[in-house]
Amino acid sequence: MNDKGVFLLDKFNDIETPFYYYDTPLLRKTLCAINEETSKYDNFLVHYAIKANANPKLLALINEAGLGVDCVSGGEIQAALDAGFPADKIVFAGVGKSDKEINLGLDSGILCFNVESAPELEVINELAERNGKVANVAFRVNPDVGAHTHANITTGLAENKFGISMADMEGIIMKAKGMANVKFVGLHFHIGSQILEMDDFVALCNRVNELQDKLENKGITVDNINVGGGLGIDYHNPNGAPIPNFKVYFETYADNLKLRKWQTLHFELGRSVVGQCGSLITKVLYVKQGAVKKFAIVDAGFTDLIRPALYQAYHKVENISNNDDLDTYDVVGPICESSDVFAKDYQLNTCHRGDLLAIRSAGAYGETMASQYNCRQLPKGYVTEDL
Ligand SMILES: *Cc1c(COP(=O)(O)O)cnc(C)c1O
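Residues numbered from 1 in each chain as written. Predicted model: local features only at pLDDT ≥ 70, side-chain atom pairs only at ≥ 80, totals over all residues. Heavy atoms only, no water.

1. Comments concerning the overall build of the protein
The condition is simple: Note on conventions: DSSP H or I runs of at least 4 residues are helices, E runs of at least 2 residues are strands, and numbering of each starts at the N terminus. Within these notes, the globule rule equals 2.2 Å times the number of residues to the 0.38 power, and the radius of gyration is based on C-alpha atoms. To sort residues, take the accessible area from a 1.4 Å probe on protein chains only and compare it with the maximum for the residue type: under 20% means buried, over 50% means exposed, and anything in between is partly exposed. Any pair of residues with heavy atoms lying within 4.5 Å of one another is described as a contacting pair. Reported accessibility uses the Shrake-Rupley method at a 1.4 Å probe radius. Residues are deemed covered only where the shown protein chains occlude them. By the counting scheme adopted, Arg and Lys are positive, Glu and Asp are negative, and His together with the chain ends is not counted. Throughout, a charge is located at the NZ atom of Lys, the CZ atom of Arg, the CG atom of Asp or the CD atom of Glu.
Of regular secondary structure, the protein possesses 11 helices and 17 strands. In terms of overall size, the protein behaves like a compact globule, its C-alpha atoms giving a radius of gyration of 22 Å where 387 residues would be expected to give roughly 21 Å. Taken over the C-alpha atoms alone, the protein extends approximately 70 × 40 × 40 Å along its principal axes. With 387 residues in all, the protein has 54% of them scored as buried. Contacts spanning at least 24 positions in sequence make up 73% of the contacts within the protein whose residues lie at least 6 apart. Carbon and sulfur atoms make up 50% of the accessible area of the protein, which totals about 16,200 Å². Counting 36 positive and 50 negative side-chain charges, the protein places the centres of these two groups 1 Å from one another.

2. Looking at the nonpolar core
The condition that has to hold: Side-chain atoms within 4.5 Å link the members of a nonpolar core, which is a set of buried Ala, Val, Leu, Ile, Met, Phe, Trp, Tyr and Cys residues.
Residues F113, F139, L187, F250 and Y253 are the most contacted members of the largest nonpolar core, which totals 95 residues. Per element, the largest residue contribution to this core is seven residues, and it comes from helix 8 (residues 198-217). Beyond its immediate chain neighbours, meaning those up to four positions away, F139 contacts V115, L121, I164, M169, I172, I173, A176, F184, G186, L187 and H188. Grouped together as the second largest cluster of nonpolar side chains are nine residues, F12, Y21, I281 and L356 included.

3. Points about the site of the ligand
Where we set the bar: Whether a residue is near a molecule or strand depends on its heavy atoms: if one lies within 4 Å, it is near. Pairing of N or O atoms within 3.5 Å defines a polar contact, subject to two protein rules: one partner must be a possible hydrogen donor and the other a possible acceptor, and residues neighboring in sequence count only if both atoms are side-chain atoms.
Around the ligand, the structure places 14 residues, and the nearest of them are K51, S193, E268, R271 and Y365. Between the ligand and E268, the relevant distance is 2.6 Å, taken from a nitrogen atom to a side-chain nitrogen or oxygen of the residue. The contact in question runs from an oxygen atom of the ligand to an N or O atom on the side chain of Y365, over 2.5 Å. Relative to its unbound accessible surface of 390 Å², the ligand loses 95% to contact with the protein.

4. A short note on the packing of helix 5 (residues 99-108) against helix 6 (residues 118-130)
Test applied: Note on definitions: angles span 0 to 180 degrees between N-to-C directions of axes, and those axes are lines fitted to C-alpha atoms, for helices only across the stretch in contact. Just so you know how the angles are binned, under 35 degrees is roughly parallel, over 145 roughly antiparallel, 65 to 115 roughly perpendicular, and the rest oblique. In this scheme the crossing of two helices becomes right-handed for a clockwise turn of the near helix relative to the far one and left-handed for an anticlockwise turn of less than a right angle. Polarity classes work like this: nonpolar for Ala, Val, Leu, Ile, Met, Phe, Trp, Tyr, Cys and Pro, charged for Asp, Glu, Lys and Arg, and polar for all others, with Gly in that last group.
Viewed as axis vectors pointing N to C, helix 5 and helix 6 meet at an angle of 55 degrees, and their least axial separation amounts to 10 Å. On the basis of their axis angle, the class for helix 5 and helix 6 is oblique. The two elements helix 5 and helix 6 cross, and the hand of that crossing is right-handed. On helix 6, the residues that touch D99, I102, N103 and L106 of helix 5 are V123, I124, L127 and A128. For the contact of helix 5 with helix 6, a count of residues per class yields six nonpolar, one polar and one charged.

5. What about the state of the cysteines?
The cut-off we apply is this: For the purposes of this analysis, a disulfide is any pair of cysteine sulfur atoms at a distance within 2.5 Å.
Considering all chains together, one arrives at zero disulfides under this definition. Left unpaired, C277 is separated from the closest cysteine sulfur, that of C32, by 14 Å. A residue is classified by how much of its surface remains accessible, and C277, at 3% relative accessible area, is buried.

6. A few points about helix 2 (residues 24-38)
Along an α-helix, residues three or four positions apart point the same way, because every turn accommodates 3.6 residues. Convention followed: Between the first and last residue of a helix there are one fewer steps than residues, each counted as 1.5 Å, and that sum is the expected span.
A rise of 1.5 Å per residue sets the reference length of helix 2, with its 15 residues, at 21 Å; its end C-alpha atoms lie 21 Å apart and thus fit the reference within 8%. On the buried face of helix 2, the contacting elements are strand 1 (19-22), strand 2 (44-49), helix 3 (56-64), helix 9 (246-256), helix 10 (271-274) and strand 17 (380-383). The N-cap of helix 2, judged by a side-chain oxygen 3.1 Å from the amide nitrogen of L26 a few residues on, is D23.

7. What to know about the environment of I335
Tracing the backbone shows I335 in the loop between strand 14 (326-332) and strand 15 (341-349). Spatially, the C-alpha atoms of I335 and S117 are 39 Å apart, while their sequence positions differ by 218 residues. Beyond its immediate stretch of four places on either side in the chain, I335 contacts G301, F302, T303, D340, Y373, N374 and R376.

As structure tokens, then:
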């Protein structure tokens, strides 16, 4: 398959590489697709998981589309507020919230703290009391549900550090109900990322149903359910599948989760919102014939996009400078680590020094995970309107 995305190459030639390019028309279409599907249900609310990409220009579009935000740090809460998201659409998760971060959440009046342990609950109650506030809290449940994805990105197994076990749930809810400065409002789940099998979400729904029934038997009702995010994207086919199948995703929850009449259902989508709109654009510095392989050495490294090195993640690579005959390369970066490889034994139109390559599907967990190892500069991000 040698299909390629459409890029404004003459504009790209004026920009210093490597850089991220975000196709904002595609992001707009993706947001419309989400809103079209959720509008079929009167109680579905989507929060954007800002850790996927916090580029202010993307955040502005996401805010305009009416999504809320899911944050996992104080810095993310600040970025969401700076981008103009209303505080009452912000939820805050994370296993290790610092006092400073909790205070920021309390001061700005966020919608909800997704609490991951009993000691954290105590600290939130104490800090809220000191601030004269009552904090909404939901408990993150560890549902012990596996997801068919990379081991580093499953989060819903008993062995993972996230959440509170189903068995401990009743106890911690009763504990919260006895506290003056927290209000128990909901249950939160998030089983992992890059999930493409709807059966994994069905398994989650079954767990939620089981837990709700169990709690109701004890007289405990819940205002809202938050099922997290995790919907995957098609890394192999960014051109053919630019927008994830949100219809099937939301239908899976509508069909399988027994939502009570009064409840709202919250989602926290990250990758599926921004993943396909981003490409990392990099220049070929050298083509080197090694003893057994040919290398396309590019100016981007894992400091710009760490997913291949961290998760052995696949990203489609395209030579967007020419349509010459195909040749086979290892596409590697300049970082002094052997893991600095974007693709192995990969077919590309023949590479020449100066050609631009697009590393596709890099809109999520790309720019936000960039580092300055080797004293490198952080990559810049450009949107369609910037060109
Ligand atoms: C990372 C994360 C998400 C988003 O996951 P995606 O796979 O990008 O949709 C949602 N909720 C929580 C709590 C997370 O940590």
